[in-house]
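In case you want the letters, here they are:
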Amino acid sequence: MSGAEAIASGAIAAGLRFFAGYPITPSTEIAEILSIKLPKVGGSFIQMEDEIASISAIIGASIGGAKSMTATSGPGFSLMMEGLGFACMAEIPIVVANVQRGGPSTGLPTKVGQGDVLQTRWGTHGDHAIIALSPSSVYECFTITVRAFNLAERYRVPVIILTDESVAHMRETVVLPQEGEYEVIDRELPTVPPEWYLPYDRAHGGVAPMASFGSGYRYHITGLTHDAHGFPTSVSEEVDDCIRGQIEKIIFNLDDIVEVEQLYMDDAEIMVVCYGITARAAKEAVEIARSKGIAVGILNLLTIWPFPVQLLQTITEQIRVAIVPEINMGQIIREVKSSVEGRCKVVGINRVDGDNIYPHQILEKISEVLS
Amino acid sequence: MISEKMRKYLRPTKKFPHVWCPGCGIGTIMGAIVRAIDKLKLDADKIVMVSGIGCTSRMPVYLDFNTLHTTHGRALAFSTGLKLARPELHIIVVTGDGDACAIGGNHFIHSARRNIEMTMIVVNNSIYGMTGGQVSPTTPYQAYGTTAKLGNIERPFDICDLAIAAGAIYVGRATCYHSTLMEKLVYDALQKDGFSVIEAIAQCPTFFGRLNDFKNVVEMVNWQKANAVPVKKAEKMSSEELEGKFTIGLLHDVDFPEYTNLYRKLMKRAQGGG
Ligand SMILES: Cc1ncc(C[n+]2csc(CCOP(=O)(O)OP(=O)(O)O)c2C)c(N)n1
Ligand code: SF4
């Protein structure tokens, strides 16, 4: 099974009932597979006229109560920034898979890249919080997709599955978890009478229950700053609550949201901070280094945004050097550097020629920092 | 004055007074829509009003339906997802001429082509109202806008022709002066099983009026009255006689399989049924 198939299967397992998309390499397989799977389970698939329409349509479907997603790659992801911001602002759960390819613009359609990491975080305008998860194996494509839906539903926020061409096209023999072996979270629905319903009430943990349109709760949804009723407002306190609230619901729940895989970290003096396909190379490299008695460990960022700042701060007490391999000119390394605040040395391995970072490159960097 | 009928559909909470300028045509159009809904006795819980961005697109917030104020030009795309997720809902899209035909032009033609059931009401005031009077794709040739101080050199779209060519199954046009006709068109459009479009010609006294030497609202409404030709009458007129005028009434009414119905059939087939 390929990574793309695992994402599609994970989505259905998580309860996906609506997909809208526009074909783009290397994400198209996800759409093609879901166009077959969705009608079988009573869900809908539609190929829209462009990516702006695709993300808009999934937001609309989510407002109707359907768990919704789209999948794209760089050029389409750029077009989706508008919708992403709307989903943040109106607090609509959606899942967007971005299968990264190389380069800006049309770039390198058929080859791997990790250049959209910062765009994922800051691509849409204005202050906002977002969640992005990054799988590095076919199995994780499934589990992370399920988690993406769960987080979207729980926090009423867009969640990005930030993957790449290599992971999506990689084929592995996997035994996927069966129904009942993974948790599926559905958004909380209101139980109060409609006249009491506040779609943006922050009183209970910052995330209000979300009524579906047509369910008897008539309310207003807008991309303008709004009050607890959803009505547009420019009153300072209400605006502050609207914007700050959207961000705090994420940053006050980091324990639940942030997931990091740590390997060989107990006694590590060098750590490789990695995500996506580079985590594969890192694991192989670290195993070889360990067999030679080098104290090196791995921090695989399964949650890439919000970035695990605190974890890095505590870990780096024991670390001398952090190595950050990325298929870009250095994006997540900025976060690593700002998190460790000079407590350890941080060095990157960067590649932007459309090829992957290989274990030997990481091993070479390990020897380099040791000497 | 707000009629009793209107009050029934207005949100009881703090949303008045509204944002529209005195004499603006958008309020009249809102009235026609509400009267059509009232006549049809539709369940407010099942009505969704969706809009993009602009003066027109501020309409949903005042009405006590499920209301969705989206991004500029995208109302139809949001509605497409919502309709597929909840086919039982009645979706009414209200949109300005720029919202519908410039930034949202692509969604407009594709929604018409798909024939997904919803009623799109395009408020055509020939200008960008909300941003202060710039030209729009429907500004007449040689008319003035703040971005065309020397006169517009572009050709305008005919919204109804565009809708028909793209595949809308029900298309009509009315003006704020002909608000009874507008109500009738909305009433019929809401019962069509497919994509329906109504062009509602409206006055924007604040920008189009001032920039184009209309003295007041009355003059603008009189212009609507003087230049609108009912479809039947237009059939008997020569193209010279119709120069500078526009037709009003029902322009197109056909039937074609509706998208969500087709999708439901496809779903049955996928599940191994008929
Ligand atoms: C992406 C984007 N571009 C530009 C704008 C600014 N803008 C707001 S309303 C509007 C045009 C409104 O004109 P129209 O659609 O004709 O509606 P009206 O205000 O006349 O009802 C524009 C350009 C925006 N909100 N979003
Ligand atoms: S600017 Fe024009 S369209 Fe907008 S509310 Fe005023 S009169 Fe109406």
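Residue positions within a chain follow its written sequence, with the count starting from 1. Chain letters and ligand numbers both follow the written order, the letters beginning at A and the numbers at 1. The predicted origin of the model limits local features to residues at a pLDDT of at least 70 and limits the giving and counting of side-chain atom pairs to 80 or more, whereas totals for whole chains, interfaces and linings rest on all residues. Values reported for side chains reflect all heavy atoms of the structure, with hydrogen atoms and water molecules removed beforehand.

Looking now at the overall build of chain A. Secondary structure summary: chain A contains 14 helices and 14 strands in total. Our radius of gyration looks at C-alpha atoms and nothing else; its globule reference is 2.2 Å times the residue count to the power 0.38. Taken over the C-alpha trace, chain A has a radius of gyration of 21 Å; the compact-globule value for 371 residues is 21 Å, and the two agree within 12%. When the backbone C-alpha atoms are referred to their principal axes, chain A occupies close to 70 × 45 × 40 Å. Note on classification: 1.4 Å probe, protein chains only; a residue is buried when its accessible area is under 20% of the maximum for its type, exposed when over 50%, partly exposed between these limits. Scored against the burial criterion, the 371 residues of chain A give a buried share of 62%. Between two residues, a contact is recorded if the distance between any of their heavy atoms is within 4.5 Å. A separation threshold of at least 6 residues defines the contact pool for chain A, and within that pool the share at least 24 residues apart is 77%. A run of H or I in DSSP counts as a helix once it spans at least four residues, and a run of E counts as a strand once it spans at least two, with each numbered from the N terminus.

This part covers the interface of chain A and chain B. Contacts between the two partners involve 42 residues from chain A and, on the opposite side, 41 residues from chain B. Buried area is a sum: the accessible area each of two parts loses on coming together, probed at 1.4 Å, counted once for each and added. Roughly 3,300 Å² of surface becomes buried between chain A and chain B when both sides are summed, with 58% attributable to carbon and sulfur atoms. We count a salt bridge whenever a side-chain nitrogen from Lys or Arg sits within 4 Å of a carboxyl oxygen from Asp or Glu. Linking chain A with chain B are four salt bridges. A salt bridge links A:Glu49 to B:Arg114; the nearest nitrogen and oxygen atoms lie 2.6 Å apart. Pairs of N or O atoms within 3.5 Å make up the polar contacts considered here, provided that, within protein, one atom can donate a hydrogen while the other can accept it, and that residues adjacent in sequence are counted only when both atoms are side-chain atoms. Along the contact surface separating chain A from chain B lie 20 residue pairs in polar contact (both at pLDDT 80 or more). Elements with a minimum of two residues in the side of chain A that touches chain B: α2 (28–40), β2 (44–47), α3 (51–63), α5 (81–90) and β8 (220–222) of chain A. Here the side of chain A that touches chain B gets eight residues from one element, more than from any other, and that element is α3(A). For this classification, Asp, Glu, Lys and Arg are treated as charged, while Ala, Val, Leu, Ile, Met, Phe, Trp, Tyr, Cys and Pro are nonpolar and the rest, including Gly, are polar. For the side of chain A that touches chain B, the class distribution of residues is 21 nonpolar, 14 polar and seven charged. Note on pairing: DSSP must find at least two bridges between two strands before they are called paired. Sheet analysis places β8(A) next to strand β2 (residues 66–69) of chain B, joined by three bridges and oriented parallel.

Working definition: residue near molecule or strand if any one of its non-hydrogen atoms lies within 4 Å of it. Around ligand 2, the structure places B:Trp20, B:Cys21, B:Cys24, B:Cys55, B:Asn125, B:Gly129, B:Cys204, B:Pro205, B:Thr206 and B:Phe207. Partitioned by chemical class, the residues of the shell around ligand 2 number seven nonpolar, three polar and no charged.

A few words on the side chain of B:Arg173. Residues and elements named next belong to chain B. Looking at the element boundaries, Arg173 is found in strand β5 (residues 170–175). For Arg173, a relative accessible area of 5% puts it in the buried group. Here Asp158 takes part through its side chain, which lies 2.8 Å from a polar atom of the side chain of Arg173. Residue contacts for Arg173: discarding those within four places in its chain leaves Asp158, Cys160, Leu181, Leu185, Glu199, Ile201, Phe246, Thr247, Ile248, Gly249 and Leu251.

Here the focus is the nonpolar core. Inside soluble globular proteins, nonpolar side chains tend to come together where they are buried. Ranked by internal contacts, the top residues of the largest apolar core, which has 158 residues, are A:Met69, A:Ile221, A:Ile332, A:Val336 and B:Phe195. Ranked by residues supplied to this core, first place goes to helix α7 (residues 138–155) of chain A with 10 residues. Membership of the second largest hydrophobic core comes to 40 residues, among which are A:Phe231, B:Tyr9, B:Ile29 and B:Ala174. Residues belong to a common nonpolar core when they are buried Ala, Val, Leu, Ile, Met, Phe, Trp, Tyr or Cys residues joined through side-chain atoms within 4.5 Å.

The next point concerns the site of ligand 1. All names here are of chain B. Residues in close proximity to ligand 1 total 16 residues, the closest being Cys55, Thr56, Gly98, Asp99 and Gly129. Between ligand 1 and Gly129, the relevant distance is 2.9 Å, taken from an oxygen atom to a main-chain nitrogen or oxygen of the residue. Accessible surface is estimated by sampling points in the Shrake-Rupley manner with a 1.4 Å probe; for residues, cover comes only from the protein chains shown. Coverage of ligand 1 by the protein amounts to 75% of the 590 Å² it exposes when considered alone. Here the shell around ligand 1 gets four residues from one element, more than from any other, and that element is helix α4 (residues 97–103). A breakdown of the residues in the shell around ligand 1 according to their chemical character gives six nonpolar, eight polar and two charged.

What follows is about the pairing of strand β3 (residues 90–96) of chain B. Residue and element names in this part refer to chain B. Within β3, six of the seven residues are buried, which leaves the element mostly enclosed by the surrounding structure. Bridge analysis of strand β1 (residues 47–51) against β3 gives five bridges, and the strand direction is parallel. From the neighbouring strand, Val48 faces β3, where its bridge partner is Ile91.

With that settled, the discussion passes to a nonpolar patch on the surface. Residues and elements named next belong to chain A. Nonpolar side chains collect at one region of the surface, where Ile251, Phe252 and Leu254 lie side by side and expose about 290 Å² of accessible area between them. As for its position among the elements, Ile251 is in helix α9 (residues 236–251). Relative accessible area serves as the criterion here: at 43%, Ile251 is assigned to the partly exposed category. Any residue with relative accessible area above 30% and no salt bridge may belong to a patch, with like charges joined within 9 Å and the nonpolar Val, Leu, Ile, Met, Phe, Trp and Tyr side chains within 5 Å.

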